[in-house]
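Structural overview
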Amino acid sequence: ELVKQRAVINAEKYRKAERMRAQSQITNGRRSVAFLDRTNVFFVPSRFDIPPRSKSKIWHTRDEFIEMVMRNMDEVEQEMQQQAEIQARLDDIRNNPPPSLRRKR
């Protein structure tokens, strides 16, 4: 784990140094643009390359997705009702303040 972290940090420092070197090239007293010729290529598996057991951990089935959407809708509705109740209480306090908050004239 520590070796991985060091490797990542060293790779980031190396990339940063390469960018700085490319950005700060000076030709005839003027700055110029330079491009790095190196690229990193990473394999990103297609959904067809992933075994079904792993797929079930990554992606949801249609029924699971519908269930999540319905649960989220219920939670949003509850939050909206709570906010409406809070707003109604605040409006009530503003319109009919308790005796301790009434202004004395």
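About the criteria used
- Residues numbered from 1 in each chain as written.
- Predicted model: local features only at pLDDT ≥ 70, side-chain atom pairs only at ≥ 80, totals over all residues.
- Heavy atoms only, no water.
- Helix = DSSP H or I, 4+ residues; strand = E, 2+ residues; numbered from the N terminus.
- Buried < 20%, exposed > 50% of the residue type's maximum accessible area, 1.4 Å probe, protein only.
- Areas by Shrake-Rupley, 256 points an atom, 1.4 Å probe, with all protein chains shown as cover.
- Patch = residues over 30% accessible without salt bridge, like charges linked within 9 Å, V, L, I, M, F, W, Y side chains within 5 Å.
- Salt bridge = Lys/Arg side-chain N within 4 Å of Asp/Glu carboxyl O.
- Lys, Arg positive; Asp, Glu negative; His and termini not counted.
- Charge placed at Lys NZ, Arg CZ, Asp CG, Glu CD.
- pLDDT = per-residue confidence, 0-100.

Time to look at the overall build of the chain. From N to C terminus, the chain includes three helices and two strands. The secondary structure elements of the chain, listed N-terminal to C-terminal, are α-β-β-α-α. When burial is assessed residue by residue, the chain has 3% of its 105 residues classed as buried. Entry remark: accessible area of the chain is about 11000 Å², with carbon and sulfur atoms responsible for 54%.

A contiguous patch of negative charge on the surface is contributed by Asp74, Glu75, Glu77 and Glu79. Inspection of the secondary structure puts Glu75 in helix α3 (residues 62-95). Classification of Glu75 as partly exposed rests on a relative accessible area of 40%.

So, about the confidence of the model for the chain. Model confidence for the chain is summarised by a mean pLDDT of 77, while 68% of its residues fall at 70 or above. No element of the chain has a lower mean pLDDT than strand β1 (residues 26-27), at 53, and none a higher one than α3, at 93.

Together, Phe65, Ile66, Val69, Met70 and Met73 line one region of the surface with nonpolar side chains, adding up to about 470 Å² of accessible area. Checked against the element boundaries, Phe65 lands in helix α3.

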